[in-house]
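Inside the fold
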Amino acid sequence: MSETDDAHASLEDKKIAVRAAATRDLAKAGTYADVERLIGMAIGDKSPSVRLYAAAAAVAILMRGRGAYDQTPWTDAQRHDVLRWVGAGDPALTPSLLLCYAAFSDADVIQRLTRMLRDPRYGVRAGAIAAIRRMALSGAATREGTGLREWVGEALENRKLPPDVSVELVRLVGEAGWEVLLPRARKAPGNVGEALAEAEARCAERNTPAAWAGIWVDEGRDVLDESPAGRADWIVIGADAQPSGGTLARDGRVYRRIWAPRIADEGKHAAIQADGRTWWRMDGKALAQFVTDADHELVAHGEAVDAIAAMLEGVEGAGAVRARALLFARCGRADEALALLDPLLAQKKPRNDLYFLQALALRSKGDAKGARAALEAYLDKAKKTEPWRDEAEQLLDGL
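Below or above, wherever it landed, is the structure these notes cover. Computed from a prediction, not measured in an experiment: that's the story for all the values here.

What follows covers the side chain of Thr114. When you line up the elements, Thr114 lands in helix α6 (residues 107-116). Here Gln111 takes part through its backbone oxygen, which lies 3.0 Å from a polar atom of the side chain of Thr114. In this structure, Thr114 is in contact with Ile132 and Trp151, ignoring residues within four places of it in sequence.

Here we come to the sheet that holds strand β3 (residues 247-250). One open sheet accounts for 6 strands, arranged β2-β1-β6-β5-β4-β3; its pairing is antiparallel. Of all strands in the sheet, those bounded by a partner on one side alone are β2 (233-237) and β3. When strand polarity is set aside, the average angle formed by the axes of neighbouring strands in this sheet is 35°. One ladder, built from 4 bridges, connects β3 with strand β4 (residues 253-262); its direction is antiparallel. In the sheet register, Leu248 faces β4, and the bridge partner there is Tyr255.

With that settled, the discussion passes to the packing of aromatic side chains. Enumeration over the complete set of coordinates arrives at 6 aromatic pairs. Ring centres 5.5 Å apart and planes at 45° place the aromatic pair Phe356 and Tyr378 in the tilted group. A residue pair is termed long-range when its members are at least 10 positions apart, and Phe356 in helix α17 (residues 353-364) and Tyr378 in helix α18 (residues 368-381) qualify at 22 residues. Judged by relative accessible area, Tyr378 falls into the buried class, the value being 0%. Both rings, one in Phe356 and one in Trp388, keep their centres 5.0 Å apart while their planes meet at 20°; by these two values the pair is stacked. A residue pair is termed long-range when its members are at least 10 positions apart, and Phe356 in helix α17 and Trp388 in the loop between α18 and α19 (389-398) qualify at 32 residues.

Thresholds applied
Starting from 1, residues in each chain are numbered consecutively following that chain's sequence as written. The predicted nature of this model means local features are confined to residues of pLDDT at least 70 and side-chain atom pairs, given and counted, to a pLDDT of 80 or more, with totals for whole chains, interfaces and linings taken over all residues. The side-chain values count all of the structure's non-hydrogen atoms but skip hydrogen atoms and water molecules. Helix and strand definitions follow DSSP, with helices as H or I runs of at least four residues and strands as E runs of at least two, each counted in order from the N terminus. Polar contacts, as counted here, are pairs of nitrogen or oxygen atoms within 3.5 Å of one another; within protein the pair requires one atom able to donate a hydrogen and one able to accept it, and residues that are adjacent in sequence qualify only if both atoms are side-chain atoms. Contact definition: two residues touch when any of their heavy atoms are within 4.5 Å. We call two strands paired when DSSP finds no fewer than two bridges between them. As a rule, the C-alpha atoms of each element are fitted with a line to give its axis, helices using only the stretch in contact, and angles between N-to-C directions run from 0 to 180 degrees. In this scheme Phe, Tyr and Trp rings, the latter by its six-membered ring, pair at centre separations within 6.5 Å, and the angle between planes marks the pair as stacked below 30 degrees, edge-to-face above 60, and tilted otherwise. In this scheme, a residue with accessible area under 20% of its type's maximum is buried, one over 50% is exposed, and one in between is partly exposed, where area comes from a 1.4 Å probe on protein chains only.

Shown next, in the form of structure tokens:
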């Protein structure tokens with residue numbers, strides 16, 4: 001929902017709050033035609049908050065042409081103009097504008113950023129490393145060569161690299177899965193011990209089946225893209241995955257495994273990428289809910305049940321227990337399902353849908369009488385809108 005009636009007109013408003021709201025609207029729906037104006041505001045607006053919001057809006061628009069998904073990359077002429085507009089400002093005063101460079105991955109831009117990594121001004125260095133990180137973790141990177149990786153490798157060998165940058169580049173080696181750069185990371189200047197241990201662990205983890213097993217959801221947007229999330233696609237990978245060199249060949253694609261920041265979530269999160277797209281690993285209560293929502297579709301992925309159930313085992317709450325029971329009941333592992341369901345059904349007022357899950361398990365054991373009783377108990381209280389009601393009626397008719 002827009003915060004202003006006319007974002008372009010509101011950019012001229014005297015009120016700081018209105019101008020800031022206009023830039024946020026353009027971050028969501030703006031086009032390349034808005035970029036020059038937003039960069040100008042990021043450099044020259046009187047309000048520090050408006051400058052920050054304007055820079056963020058320019059970056060958001062430009063990243064929509066980074067080349068992930070079906071994005072059309074910016075032309076050379078557009079790239080030239082953006083570099084000129086950004087270059088008109090002092091990067092020490094507007095370091096967030098350096099993230100505009102993340103939309104372009106050619107050698108000239110990468111060179112600019114790697115030179116800035118040695119800038120004496122902390123803000124400039126921080127802006128440059130943020131741009132490099134976003135460039136590296138974009139899904140578009142899976143469609144490009146190894147240019148950025150090699151520039152980062154050369155930067156790690158520079159003995160004049162500031163300690164703060166050295167640490168962040170070593171972390172990025174682990175986040176992007178650049179295992180080939182680990183020897184250089186081990187020789188990076190400064191105290192990088194903690195970052196190096198993290199990078200080595202993440203690179204090693206990528207070569208284990210457990211790092212790939214689970215449910216991965218494509219939200220239809222690139223890393224750090226603030227466009228509305230959807231559920232464009234999802235894939236299931238079983239515990240029998242056989243990664244090689246930190247990648248996984250599957251269904252005609254070669255996936256890479258990364259750790260990346262997510263919108264509105266703290267920390268770094270597991271994701272896989274291929275062909276410009278990003279799939280995030282489902283975990284916690286979100287995974288439990290997904291198992292319920294995608295119920296029938298998961299039946300075809302029996303090879304992944306063990307991995308998914310193991311991921312749910314440490315999740316608190318009855319929802320995770322029900323999700324595990326559903327997985328087992330659907331895949332014919334009735335005894336395991338009943339072992340989870342029996343304590344819940346023994347409670348004073350058990351949830352009604354537990355009886356449906358119990359019926360599934362008893363039916364797979366060949367206990368028609370028990371399944372019938374469980375289905376009748378479920379249907380006695382099930383609302384007409386409940387997703388399992390029609391199936392329960394069909395199962396009861398078939399017993």
